[in-house]
Amino acid sequence: MAHGKTKAKKKKGAIKKIAAFLHLWLGLISGIIVFIVAITGCLFVFQHEISNLIHRDKFYVEVPENAKVLPLSSLQATADKALGKSATYITSYRAPEKAWEFMCYEAGNQQALTFFGAINCYESVFINPYTGEITGRIDYTREFFTIVKYIHWSLLLNTPYGQPIVGYATLLFVILLITGLVLWWPKNLKKSNVNKSFKIKWKAGFKRLNYDLHNVPGFYALLITLILALTGMVWAMKWFETAVYVTASQSTTPPPFVTKQSDTTAVAVLSPLDVAFATANKEFDKGYDRIGLSPAFGKEGVIYAAGYRGAELYYNTDEIQLDQYTGKRLYRRNYAEKNNGEKLIAMNYDIHVGAILGLPGKILAFIASLIAASLPVTGFIIWYGRKRKSRPAIPPKENDLQYQL
């Protein structure tokens, strides 16, 4: 019996040694990147609320009596003139006090090293839908939260270069969370061990306090930080996205992407964009907070429209394709028709930023991101303190005293 207990203790000891080795070296390898990614994620969580406050004059308008929205084609012409390019995405809102956004996104040199070189145009103008007046414009390549997002996304490098670095650093962070849990796990449930594991000793010395700040908040935030890390990996690594899809859908074959074509032989109506927008408004009548619309490209291209449920959510979206000459609906696919894999992938962004649970979810994401950012810092201090402690004190030689005076 005693032999069995000794063997079990040795096994647990070996597991903890391996966990400690991995936790130390993987932490040192990925620490700086994890800190950058976590702190930028923390900053980005409330970007919607802060942007609405800072850019209120751009995003909101006064609603006149007997308000009537101008034709979309007229608003687009104003936007295109201001941008100097064609808007590639238009967002209209059900909320009457919201200005409509006309965005131009145009990729640049895909071999460029940085985010800035890889984009030619990433700018929006905001227009009062009742008067046609431009309420403001934002160049997203210079906007604070866009910079924060792309540091978080790819360290401000072009996606093919930066995202693998972020993705694999996040994978190491997931391993660190697991090994950290192994190291944190109390030896037994005695009160002293429980207190050490679940409570911060605020009146302790710096080293003990730092140790507690590494372990205790790290445990409490473990589940949320793990979710944030895994949802980040979905974007960064194609193989992981595929694994998530296959697990959720129980299928290795995604449904085919249906692309319709506009009828080039059809007689074009007077204003096809306005007809298409009217069709989209009928399709997305009740329960939709905004409609996103992409104008057609090429002679056979279609107009894509998406109806979004929720003022800030992106996952619960129905999509239609419309003929660019007649505005007629060609195809519709609803969110409810998607399989579980598609639904989970569609939810990824909203889960990642906490928006899927509303304000409470965003608060949780903020706190968890802040704790995640603190872990490399407190972990490094623990390692550095132990490293210094392990060095034997060597008394100075007489000849060296002059350099210390």
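Conventions we followed
- Within any chain, residue numbers begin from 1 and follow the written order of that chain's sequence.
- Given that this is a predicted model, residues contribute local features only at a pLDDT of at least 70 and side-chain atom pairs are listed and counted only at 80 or more, while totals for whole chains, interfaces and linings are drawn from all residues.
- In computing side-chain properties, one takes all heavy atoms of the structure into account and sets aside hydrogens as well as water.
- Numbered from the N terminus, helices here are DSSP runs of H or I no shorter than four residues, and strands are runs of E no shorter than two.
- Computation of the radius of gyration draws on C-alpha atoms alone. For the globule rule, the value is 2.2 Å times the number of residues to the power 0.38.
- Only protein chains enter the calculation, and the probe is 1.4 Å; a residue is then buried if its accessible area is under 20% of its type maximum, exposed if over 50%, and partly exposed in between.
- Surface accessibility follows the Shrake-Rupley procedure with a 1.4 Å probe radius. Residue values consider only the protein chains on display as shielding.
- Charge counting treats Lys and Arg as positive and Asp and Glu as negative, with His and both chain ends excluded.
- In plain terms, the charge of a residue is placed at NZ if it is Lys, CZ if Arg, CG if Asp and CD if Glu.
- Two N or O atoms form a polar contact when they lie within 3.5 Å of each other; inside protein one atom must be a possible hydrogen donor and the other a possible acceptor, and for residues adjacent in sequence the pair counts only when both atoms belong to side chains.
- In this analysis, two residues are considered to be in contact whenever any of their non-hydrogen atoms come within 4.5 Å of each other.
- In what follows, salt bridge is the name for a side-chain nitrogen of Lys or Arg lying within 4 Å of a carboxyl oxygen of Asp or Glu.
- Only the contacting stretch of a helix is used when fitting its axis, a line to C-alpha atoms as for every element, and angles between N-to-C directions run 0 to 180 degrees.
- Small angles under 35 degrees read as roughly parallel and large ones over 145 as roughly antiparallel, with 65 to 115 read as roughly perpendicular and the rest as oblique.
- Aromatic pairs are defined between Phe, Tyr and Trp rings, using the six-membered ring for Trp, whenever the two ring centres lie within 6.5 Å; interplanar angles under 30 degrees are classed as stacked, those over 60 as edge-to-face, and all others as tilted.
- Geometrically, a lysine NZ or arginine CZ counts as sitting over a ring once it is within 6 Å of the ring centre and also within 35 degrees of the ring normal.
- Paired strands are those between which DSSP finds at least two bridges.
- Residues grouped as a nonpolar core are buried Ala, Val, Leu, Ile, Met, Phe, Trp, Tyr and Cys residues, joined through side-chain atoms within 4.5 Å.
- Patch definition: residues with relative accessible area over 30% and no salt bridge; like charges joined within 9 Å; nonpolar side chains (Val, Leu, Ile, Met, Phe, Trp, Tyr) joined within 5 Å.

Novice: Help me out: how do you make sense of the overall build of the protein chain in this one?
Specialist: Secondary structure assignment for the protein chain yields 13 helices and eight strands. Taken over C-alpha atoms, the radius of gyration comes to 27 Å for the protein chain, far larger than the 22 Å a tight globule of 405 residues would show. With respect to the principal axes defined by its C-alpha atoms, the protein chain has extents near 90 × 65 × 45 Å. Looking at the protein chain residue by residue over its 405 residues, the buried ones come to 40%. By element, 63% of the accessible surface of the protein chain is carried by carbon and sulfur atoms, the whole surface being about 23,700 Å². Placing the 47 positive and 29 negative side-chain charges of the protein chain at their respective mean positions leaves the two points 21 Å apart.

Novice: For this particular structure, what's the right way to read helix H5 (residues 144-154)?
Specialist: A turn of α-helix holds 3.6 residues, and therefore any two residues three or four places apart point the same way. Looking at H5, one finds that the buried residues are Phe145, Thr146, Val148, Tyr150 and Ser154. At the N-terminal end of H5, a side-chain oxygen is found 3.2 Å from the backbone nitrogen of Phe145, two or three residues along, and the residue is Glu143. Taken from the residues just after H5, Leu155 is the one with a positive phi, measuring 60°.

Novice: What should I look at first to understand the side chain of Thr170 in this one?
Specialist: Summarising the element assignment, Thr170 is placed in helix H6 (residues 159-184). Among all residues touching Thr170, those that are not within four sequence positions of it are Ala229 and Met233.

Novice: I'm lost on the pattern of salt bridges in this one. Help?
Specialist: Should the charged atoms of two oppositely charged side chains come close, the side chains can pair. According to the stated counting rule, one finds 11 salt bridges in the structure shown. With a closest N to O distance of 2.7 Å, Glu283 and Arg332 form a salt bridge. You can see Glu283 sitting in helix H11 (residues 272-283) and its partner Arg332 sitting in strand S8 (residues 329-333), a full 49 residues away along the chain. The exposure class assigned to Glu283 is partly exposed, which follows from its relative accessible area of 21%. Salt-bridge contacts for Glu312 lead to Lys362; the nearest nitrogen and oxygen are separated by 2.8 Å. Taken together, the positions of Glu312 in the loop between strand S6 (302-308) and strand S7 (317-323) and Lys362 in helix H13 (residues 358-390) put the pair 50 residues apart, joining distant regions of the chain. Take Glu312: its relative accessible area is 21%, and that puts it in the partly exposed class. Bridged by salt links that share partners, the residues Glu283, Arg309, Asp318, Arg329 and Arg332 form one connected network.

Novice: When you look at the packing of H5 against H6 in this model, what are you seeing that I'm missing?
Specialist: For any two helices packed against each other, the geometry comes down to the angle between their axes and how far apart the axes lie. Between H5 and H6, whose axes approach to 6 Å, the crossing angle comes to 65°. It follows from the interaxial angle that H5 and H6 lie roughly perpendicular. Each of His152, Trp153 and Ser154 in H5 lies in contact with H6, whose residues at this interface are Thr159, Gly162, Gln163 and Val166.

Novice: Hey, could you run me through the packing of aromatic side chains in this one?
Specialist: To describe a pair of aromatic rings, one takes the distance between the centres and the angle between the planes. Taken as a whole and assessed by the stated rule, the structure comprises 24 aromatic pairs. With a centroid separation of 5.7 Å and an interplanar angle of 65°, the aromatic rings of Trp100 and Phe277 are classed as edge-to-face. With Trp100 in strand S2 (residues 100-107) and Phe277 in helix H11, this residue pair connects regions lying 177 residues apart in the sequence. A relative accessible area of 11% places Phe277 in the buried class. An aromatic cluster is present here, built from Trp153, Trp235, Tyr308, Tyr314 and Tyr349 joined pairwise through their rings. The ring of Tyr60 carries Arg56 above its face, with NZ or CZ at 4.3 Å from the centroid.

Novice: Is there a simple way to think about the pairing of S6 in this case?
Specialist: Regular strands place their side chains on alternate faces of the sheet. With six of its seven residues buried, S6 lies for the most part within the structure. Pairing between strand S5 (residues 290-294) and S6: five bridges, direction antiparallel. Pairing of Ile291 across the sheet is with Gly307, part of S6. Across seven bridges, S6 lies against S7 in antiparallel orientation. Bridged to Ala305 within S7 is Ile320.

Novice: Which parts of the structure should I look at to understand unusual backbone geometry?
Specialist: What you tend to see is this: most non-glycine residues have negative phi, and most peptide bonds are trans. For Leu155, which is not a glycine, the phi torsion comes out positive at approximately 60°. With respect to the helices and strands, the residue Leu155 is situated in the loop between H5 and H6. A positive phi angle, close to 70°, is found at Leu156, a residue other than glycine.

Novice: I keep staring at the nonpolar core and nothing clicks. Help me out?
Specialist: A general feature of soluble globular proteins is that nonpolar side chains tend to end up buried together. With 25 residues, the main nonpolar core has Leu72, Trp100, Phe102, Phe284 and Leu293 as its most contacted residues. Among residues more than four places away in sequence, those in contact with Phe284 are Arg94, Ile291, Ala305, Ala306, Gly307, Asp318, Glu319, Ile320 and Arg332. Val34, Phe173, Val174 and Ala229 belong to the second-largest nonpolar core, a separate cluster that totals 16 residues.

Novice: I tried to follow a nonpolar patch on the surface on my own but got confused; where do I start?
Specialist: A grouping of Ile18, Phe21, Leu22, Trp25, Leu28, Ile29, Phe35, Phe206, Val377, Phe380, Ile381 and Tyr384 is seen on the molecular surface, where their side chains present a nonpolar patch of about 1,200 Å² in accessible area. Of all elements in the fold, only helix H1 (2-44) and H13 reach the threshold of two or more residues within the nonpolar patch. In terms of residues, the nonpolar patch owes the most to one element, H1, which gives seven residues. Examined against the element boundaries, Phe21 turns out to sit in helix H1. Judged by its relative accessible area of 52%, Phe21 falls in the exposed class.

These figures capture arrangement, not role.
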